[in-house]
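Remarks on the overall topology
Listed below are the residues making up each chain.
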Amino acid sequence: MTLRQLLRKVFLIDFLEGFAITGPYTFKKVYTEQYPKVPAKVPPRFHGAPRLNVDPETGKTLCIACDLCAQACPIGLIEVQRERNAETKRWELKGYTYNAARCMFCNLCAEACPTNALELSQTFEYAVYDMKELYWDKAALEKGPTVVRFTK
Amino acid sequence: MGPQHPATHGVLRLKLVLDGEKVLDCEAVIGYLHRGIEKVVESQDYQQIPPHMDRIDYTAAVSNVLGYVEAVEKLMGVTVPPRAQYLRTLMTELNRLASHLIWLGTHALDIGAMTVFLYAFREREEILKVFEACFGARLTTHAFRIGGLAEDIPPGVLDKVREFTDYFPKRVAEYEQLLTGNRIWMNRTIGVGCISAEDAISFGLTGPSLRGSGVRWDMRRAKPYAAYADMDFEIPIGKNGDTFDRYLVRMEEMRQSNRIIRQALDRLPDGPVRAKVPKVIKPPAGEIYHAIEAPKGVLGYYIVSDGSSKPHRLRVRPPSYFNLAAIKKMIVGSLVADVVAVIGTLDIVLGEIDR
Amino acid sequence: MPEEKSPRPETPASPPADKKPKPPEKEPFSKAETLAFLQSALPDSFSEAYTFLGQDFLLVNKASLPELAELLKEDPSQDYALLEDITAVDYPQNEKRFELIYILFSLTRQDRLFLKLAVADGETAPSMTGLWESANWAEREIYDMFGIRFDEHPDLKRILLPEDWHGHPLRKEYGLAQQDEEWIARNLELIKPQSHLGVPSNKEIEHLDVSQPKS
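Residues numbered from 1 in each chain as written. Chains lettered and ligands numbered in written order. Predicted model: local features only at pLDDT ≥ 70, side-chain atom pairs only at ≥ 80, totals over all residues. Heavy atoms only, no water.

1. Points about the overall build of chain C
Secondary structure summary: chain C contains five helices and eight strands in total. Starting at the N terminus, the α and β elements of chain C follow one another as β-α-β-β-α-β-β-β-β-α-β-α-α. When burial is assessed residue by residue, chain C has 49% of its 215 residues classed as buried. Sequence separation of 24 or more characterises 49% of the internal contacts of chain C that already satisfy a separation of 6 or more. On chain C, roughly 10900 Å² of surface is accessible, and the fraction owed to carbon and sulfur atoms is 50%. (Helix = DSSP H or I, 4+ residues; strand = E, 2+ residues; numbered from the N terminus. Buried < 20%, exposed > 50% of the residue type's maximum accessible area, 1.4 Å probe, protein only. Contact = heavy atoms within 4.5 Å. Areas by Shrake-Rupley, 256 points an atom, 1.4 Å probe, with all protein chains shown as cover.)

Here's what the structure looks like:
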């Protein structure tokens, strides 16, 4: 061992050199997200849980039962139950079911919607214990999934 | 080896005949992930197919959809607006980076370099954030529609991409610092999985696997699509056709992709992002073959239309499928430990092989 | 996909008839030199040559396909070194129902040539494995999906499906959700396909028979 190496050891040079590299990371931007504790933010275009929008003033559904979403869906998981009103000759929405368990979030249904009634919202926390709970009807689609927040 | 093995990147089974540590024979057994996509899409409308195409090669969903929509557009004779062309080029190159970063991370992880994996996924995360902001999903993006894009990309994203292109070459240098001169890495990759240029062509290898053997051939140059005709980039090639050369080729490709992204950003024209296409897409009867350079190699679509709204036949030429077929040639005579290196260097995705 | 509840709307956004672009048509073969070369070297090897949307097709006779392919690969003036893909298309209404398509690529001239070969059900096709290694797996896949056998293939067996599976899925008469129930019962203790959550089960999807001619 040369004197130089000895001095390096005595004054902890190697240790300090290493610390000079790792130390500054303490003050750098943290890449890790503290997800369950801090709710994650998704961009506005995120395709998450489907939602049927209602008119904010009247509370009535915006859906006009045109069935375009059901036809656009590659998997055919949307079912629109509708009836033609004899007087007005218009389709009336009787029921709406969306099987979110099979959805692949391609957004084709929302793009087909002429009235912006159906939308893939930003909610992504809708894990359930039973697959049947992912079979959403009109009321569930309007309300949106219940998000259970992480608590200690 | 396999089908459940961490180094096979999916569910690939290799029947190996060994003499001690030496591989005498090898047969690949595939099909564990077969979903029958080519059959399923025969019952789907043309505009319903892109989400399925996402799932062929799930690490490069954007490239897959690009190949499909361009094939249909070619058949219909639709001209895509220039802004959409440039955005497609930009997004596909970002996707190439993401795919190559997965390859780099997992390949290095298989051989035993843990750190690179974390570094590579850090950058990939930034790319996925861009996809999420633009297309609403991270992996299976459903990025493009027939005729262009669904909508223009949101404001602010381009600045993010520009920022990314600024620091990305430094990050590539970082990976190279970790691996290129690393003695363990060199010992594990140089001379492993050699394939000559003639053999590579005969086996139908494409993409970086072919270029590693010294064939300067890239579909982006050979038959330019999207906006690649306007882009200035180089096609890196290797010399010996071994794992190390293919590694160098892909590293250089990442730099070139970065350059393409930069050019696409600088020259991005204004205008609409979607051409006028009918709501129900009915291409004229006929057939079309269109191939693009996906991150893994040449990805071709052969579409036979009978004039209805559903394709009569849609064939996908998956690059990984042909690349994997050459594995026997590459590993017979080498050691068992090198099999992992060769699987990694071929950059296969089993979702694409089995469809 | 569930059954269609209502007839699909007619194309509302389609442009008026006079603006509609003309559908692409077959044109004379664009590679005059290749055509002249083949006509002098192997005059009876192909029955038709045409170009469609910039793609050059040659309808090849089965007997002369190996010779023709070898010539296209080896001759320096042609140099189609890369067999990009082999695929097949099923036309149930045709007398020879299958059409094999060989996609050749020349790395020096950067152009493609498509060889087409009509094959009847039960008929075999010559294997290209002697010329291109890439034909090996491509032909195995065609055998797996369509049931077309290839002469002199070194290892012709199923590739994507299990080896003792019955049926060839990409034939048009094969149902969308059809499966080899016997094989499944023998090898996988799966629950029978059932309707869950009110979504049509595989059985119910089967009415989507793609073999029917589409309107």
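Once the structure has been displayed, the description carries forward.
2. Some points on the side chain of glutamate 287 of chain B
Tracing the chain through its elements places glutamate 287 of chain B in strand β5 (residues 286–294). Relative accessible area serves as the criterion here: at 10%, glutamate 287 of chain B is assigned to the buried category. Polar side-chain contacts of glutamate 287 of chain B include one of 2.5 Å to the side chain of tyrosine 302 of chain B. Apart from residues lying up to four places away in sequence, glutamate 287 of chain B is in contact with Leu75, Tyr302, Ile303 and Val304 of chain B together with Phe52, Leu53, Gln55, Phe57, Tyr91, Ile101 and Lys116 of chain C. (Polar contact = N/O pair within 3.5 Å; in protein donor to acceptor, adjacent residues only side chain to side chain.)

3. Some points on helix α6 (residues 157–179) of chain B
Since the α-helix turns once every 3.6 residues, residues separated by three or four places project in the same direction. Residue and element names in this part refer to chain B. Here α6 contains 23 residues, and its C-alpha end-to-end distance of 32 Å stays within 8% of the 33 Å for a straight helix at 1.5 Å per residue. Bending of α6 peaks at approximately 35° at the position of tyrosine 167, with proline proline 169 no more than four residues after it. By the burial criterion, the buried members of α6 are Val157, Val161, Phe164, Thr165, Tyr167, Phe168, Arg171, Val172, Tyr175, Glu176 and Leu179. Those residues of α6 hidden inside the fold are in contact with α4 (82–111), α5 (114–135), α7 (183–189) and α11 (243–267). (Expected span 1.5 Å × (residues − 1). Bend = angle between axes of the 7 residues up to and from the residue.)

4. Quick word on the state of the cysteines
Residue and element names in this part refer to chain B. Applying the stated criterion across every chain, the model contains zero disulfides over all chains. A disulfide-free cysteine, cysteine 194 has its sulfur positioned 16 Å from the sulfur of cysteine 26, the nearest such atom. For cysteine 194, a relative accessible area of 38% puts it in the partly exposed group. (Disulfide = S-S within 2.5 Å.)

5. A short note on the packing of α4 of chain B against α11 of chain B
Residue and element names in this part refer to chain B. Relative to each other, α4 and α11 sit at 155°, their axes nearing to 9 Å. Here α4 lies roughly antiparallel to α11, going by the angle between them. Considering the relative orientation of α4 and α11, their crossing is left-handed. Contacts between α4 and α11 pair Tyr86, Thr89, Leu90, Glu93, Leu94, Arg96, Leu97, His100, Leu101, Trp103, Leu104 and His107 from the former with Thr243, Tyr247, Arg250, Met251, Glu253, Met254, Ser257, Ile260, Ile261, Ala264, Leu265 and Arg267 from the latter. Residues of the contact of α4 with α11, tallied by class, amount to 14 nonpolar, five polar and five charged. (Axes fitted to C-alpha atoms, helices over the stretch in contact; angles between N-to-C directions. Parallel < 35°, antiparallel > 145°, perpendicular 65-115°, else oblique. Left-handed = near helix turned anticlockwise from the far one by under 90°. Nonpolar A, V, L, I, M, F, W, Y, C, P; charged D, E, K, R; others polar.)

6. Let's talk about the nonpolar core
Membership of the largest hydrophobic core comes to 172 residues, with the highest contact counts inside it found for Tyr68, Met91 and Leu94 of chain B. The element contributing the most residues to this core is α4 of chain B, with 13 residues. Look past the residues within four positions of tyrosine 68 of chain B in its chain and what remains in contact with it is Tyr46, Ile49, Pro50, Met53, Ile146, Tyr301, Ile303 and Leu314 of chain B. Cys69, Ala100, Phe105 and Leu141 of chain A belong to the second-largest nonpolar core, a separate cluster that totals 27 residues. (Core = buried A, V, L, I, M, F, W, Y, C linked by side-chain atoms within 4.5 Å.)

7. Digging into the pattern of salt bridges
Tallied over the full model, the rule gives 46 salt bridges over all chains. Aspartate 57 of chain B is the salt-bridge partner of lysine 296 of chain B, the closest N and O atoms lying 3.4 Å from each other. Pair noted here: lysine 296 of chain B is in the loop between β5 and β6 (297–305) and aspartate 57 of chain B is in the loop between α2 (50–54) and α3 (61–76), with a separation of 239 residues, a long-range link. Comparing lysine 296 of chain B with aspartate 57 of chain B, the two get one shared label, buried. Salt-bridge contacts for aspartate 90 of chain C lead to arginine 97 of chain C; the nearest nitrogen and oxygen are separated by 2.7 Å. Residue aspartate 90 of chain C is classed as buried on the basis of its relative accessible area of 1%. One network of salt bridges, with partners in common, ties together Glu93, Arg96, Arg211, Asp218, Arg220, Glu253 and Glu293 of chain B. (Salt bridge = Lys/Arg side-chain N within 4 Å of Asp/Glu carboxyl O.)

8. Digging into the sheet that holds strand β3 (residues 55–60) of chain C
Residues and elements named next belong to chain C. The strand order across the open sheet formed by six strands is β1-β2-β3-β6-β5-β4, and the pairing between neighbours is mixed. Each edge of the open sheet is held by one strand with a lone partner, namely β1 (26–28) and β4 (82–90). When strand polarity is set aside, the average angle formed by the axes of neighbouring strands in this sheet is 30°. Of the strand pairs in this sheet, β3 and strand β6 (residues 111–119) are connected by three bridges, and their pairing is parallel. Bridge assignment links leucine 59 to a residue of β6, and that residue is lysine 116. Here helix α3 (residues 135–146) sits on the sheet in contact with β4 and β5 (98–106), set at roughly 10° to β4. (Pairing = 2+ DSSP bridges.)

9. Points about the interface of chain B and chain C
Listed by partner, the interface residues are 52 residues for chain B and 57 residues for chain C. Of the roughly 4700 Å² buried at the junction of chain B and chain C (both faces included), carbon and sulfur atoms supply 60%. On inspection of chain B and its partner chain C, the count reaches five salt bridges. For glutamate 287 of chain B, the salt bridge goes to lysine 116 of chain C, with nearest N and O atoms at 2.9 Å. Between the two partners, chain B and chain C, sit 21 residue pairs in polar contact (both at pLDDT 80 or more). Along the lines of polarity and charge, the residues of the side of chain B that touches chain C split into 26 nonpolar, ten polar and 16 charged. (Buried area = accessible area lost by both parts, 1.4 Å probe.)

10. Side note on the sheet that holds β6 of chain B
Residues and elements named next belong to chain B. Across the sheet, three strands lie side by side as β5-β6-β7; this open sheet has antiparallel pairing. Sheet topology places β5 and β7 (311–317) at the edges, where each strand pairs with a single neighbour. Averaged over all pairs of adjacent strands, the angle between their axes in this sheet comes to 15°, without regard to strand direction. As paired strands, β6 and β7 are joined by six bridges and run antiparallel to one another. Its bridge partner being in β7, tyrosine 302 is matched across the sheet by arginine 315.

11. Quick look at the domain arrangement of chain C
All names here are of chain C. According to the domain assignment, chain C consists of domain 1 (27–174) and domain 2 (177–215). Facing seven residues of domain 1, the contacting portion of domain 2 comprises nine residues. Taking both partners together, domain 1 and domain 2 bury about 780 Å²; carbon and sulfur atoms supply 55% of that area. The largest share of the area that domain 1 buries against domain 2 comes from Trp165, Lys172 and Tyr174, three residues that together contribute 61% of it. Here domain 1 and domain 2 share zero salt bridges between them. Counting across the domain 1 and domain 2 interface gives zero residue pairs in polar contact (both at pLDDT 80 or more). (Domains from an automatic or database assignment.)

12. Quick look at a nonpolar patch on the surface
Residues and elements named next belong to chain A. A contiguous nonpolar patch, built from Met1, Leu3, Leu6, Leu7, Val10, Phe11 and Ile13 and spanning about 730 Å² of accessible area, is present on the exposed surface. Of the residues forming the nonpolar patch, the biggest block, four residues, is contributed by helix α1 (residues 3–10). Tracing the backbone through its elements, the reader meets isoleucine 13 in helix α2 (residues 13–22). (Patch = residues over 30% accessible without salt bridge, like charges linked within 9 Å, V, L, I, M, F, W, Y side chains within 5 Å.)

13. Comments concerning the pairing of strand β2 (residues 46–52) of chain C
Residues and elements named next belong to chain C. Direction of pairing for β1 relative to β2: antiparallel, over a ladder of three bridges. Within the sheet, the bridge partner assigned to lysine 26 lies in β2 and is phenylalanine 52. Direction of pairing for β2 relative to β3: antiparallel, over a ladder of six bridges. Of the residues in β3, the one forming a bridge with tyrosine 50 is phenylalanine 57. Taking the residues that link successive antiparallel strands as the turn, the β2-β3 hairpin has two residues, and the phi of leucine 53 there is positive, at about 50°.

14. Details of the packing of aromatic side chains
Summed over all chains, the structure comprises 25 aromatic pairs over all chains. Centroid distance tryptophan 185 of chain B to tyrosine 247 of chain B: 5.2 Å. Interplanar angle 65°. Geometry classified as edge-to-face. On the criterion of sequence distance, the pair formed by tryptophan 185 of chain B in helix α7 and tyrosine 247 of chain B in helix α11 is long-range, its members being 62 residues apart. Since its relative accessible area comes to 3%, tryptophan 185 of chain B is described here as buried. Looking at tyrosine 247 of chain B, the relative accessible area reads 0%, which means it is buried. Aromatic side chains tyrosine 289 of chain B and phenylalanine 114 of chain C sit 6.0 Å apart centroid to centroid with 70° between the ring planes, which places their arrangement in the edge-to-face category. Pair noted here: tyrosine 289 of chain B is in strand β5 and phenylalanine 114 of chain C is in strand β6, and the two residues belong to different chains. For the pair shown, tyrosine 289 of chain B and phenylalanine 114 of chain C are each scored as buried. Three or more aromatic residues link up through ring pairs in this structure, and these residues are Tyr289 and Tyr302 of chain B together with Tyr50, Phe57 and Phe114 of chain C. One residue, arginine 317 of chain B, lies across the ring of phenylalanine 322 of chain B, its end atom 4.3 Å from the ring centre. A cation over an aromatic ring shows up here: lysine 116 of chain C above the ring of phenylalanine 57 of chain C, its NZ or CZ 4.7 Å from the ring centre. (Phe/Tyr/Trp six-rings, centres within 6.5 Å; stacked < 30°, edge-to-face > 60°. Lys NZ or Arg CZ within 6 Å of the ring centre and 35° of its normal.)

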